Amino acid sequence: MKQTSKSACPCGSALRYAECCGPLHDGAAAPDAAALMRSRYSAYVLAIEAYLLSTWHPSTRPTQVDPDGALAPQWLGLQVRRHVTTGPETAIVEFVARYRVGGRAQRLHEVSHFVQQAGRWYYVDGEFPAATSSK
């Protein structure tokens, strides 16, 4: 999916791509962990592997990411539930991303850990909260 300067940003911020995730994808530093997380979601939507890898902390970075592979999801939306600064250079972002694979709707609920180094935020890893059931 190609974005234009007038396109809505895939992260769901209600801003145009050129005012939201576009500058980050072009090399600007994210102002906080939530902005980085949103830009990483947009990079998955747009299949920008280089950006995903460059914003992944080297200690946990995989050798490759295939956002446009054979089982590539169709991303449907993002909801940021919370963004908490946990230290001078650390933060967490809890989000739910909805997607479809093979016609089946799914959701990814993650609490992601971020660290800031040399003025840039990096994704470190994430935890998947257990589904709660109501009885």
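See the structure printed just above.
Summary of the structure given here.

Criteria and thresholds
Each chain has its residues counted from 1, running along the sequence as written. Per-residue local features of the predicted model are confined to residues with pLDDT of at least 70, and side-chain atom pairs are confined, for both listing and counting, to 80 or more; whole-chain, interface and lining totals are unaffected and use all residues. Hydrogens and water are ignored here; the side-chain numbers use all heavy atoms of the structure. Strands qualify as paired when DSSP identifies two bridges or more between them. Under the DSSP-based scheme used, a helix requires at least four consecutive residues in state H or I and a strand at least two consecutive residues in state E, with every element numbered from the N terminus. Should a side-chain nitrogen of Lys or Arg be within 4 Å of a carboxyl oxygen of Asp or Glu, the pair is scored as a salt bridge. Throughout, exposure labels follow a simple rule: accessible area from a 1.4 Å probe, protein chains only, divided by the maximum for the residue type, with under 20% read as buried, over 50% as exposed, and the rest as partly exposed.

**A few points about the pairing of strand 2 (residues 90-101)**
When strand 1 (residues 74-87) meets strand 2, the two strands line up antiparallel, connected through eleven bridges. Bridged to Val84 within strand 2 is Ile92. In this structure, the hairpin formed by strand 1 and strand 2 is closed by a connection of two residues. Between strand 2 and strand 3 (residues 104-117), which follow one another and run antiparallel, lie two residues, and Gly102 among them has a positive phi close to 55°.

**Things to note about the pattern of salt bridges**
Taken as a whole and assessed by the stated rule, the structure comprises two salt bridges. Across the salt bridge formed by Arg16 and Glu19, the nearest N and O atoms sit 2.9 Å from each other. You can call Arg16 partly exposed: its relative accessible area is 36%. A residue is classified by how much of its surface remains accessible, and Glu19, at 45% relative accessible area, is partly exposed. Between Arg82 and Glu94 there is a salt bridge whose closest N-O contact spans 2.6 Å. One end of the pair, Arg82, is in strand 1; the other, Glu94, is in strand 2, and twelve residues separate them in sequence. Accessibility expressed as a relative area gives 12% for Glu94, which makes it buried.

Read these as spatial facts, not as claims about activity.
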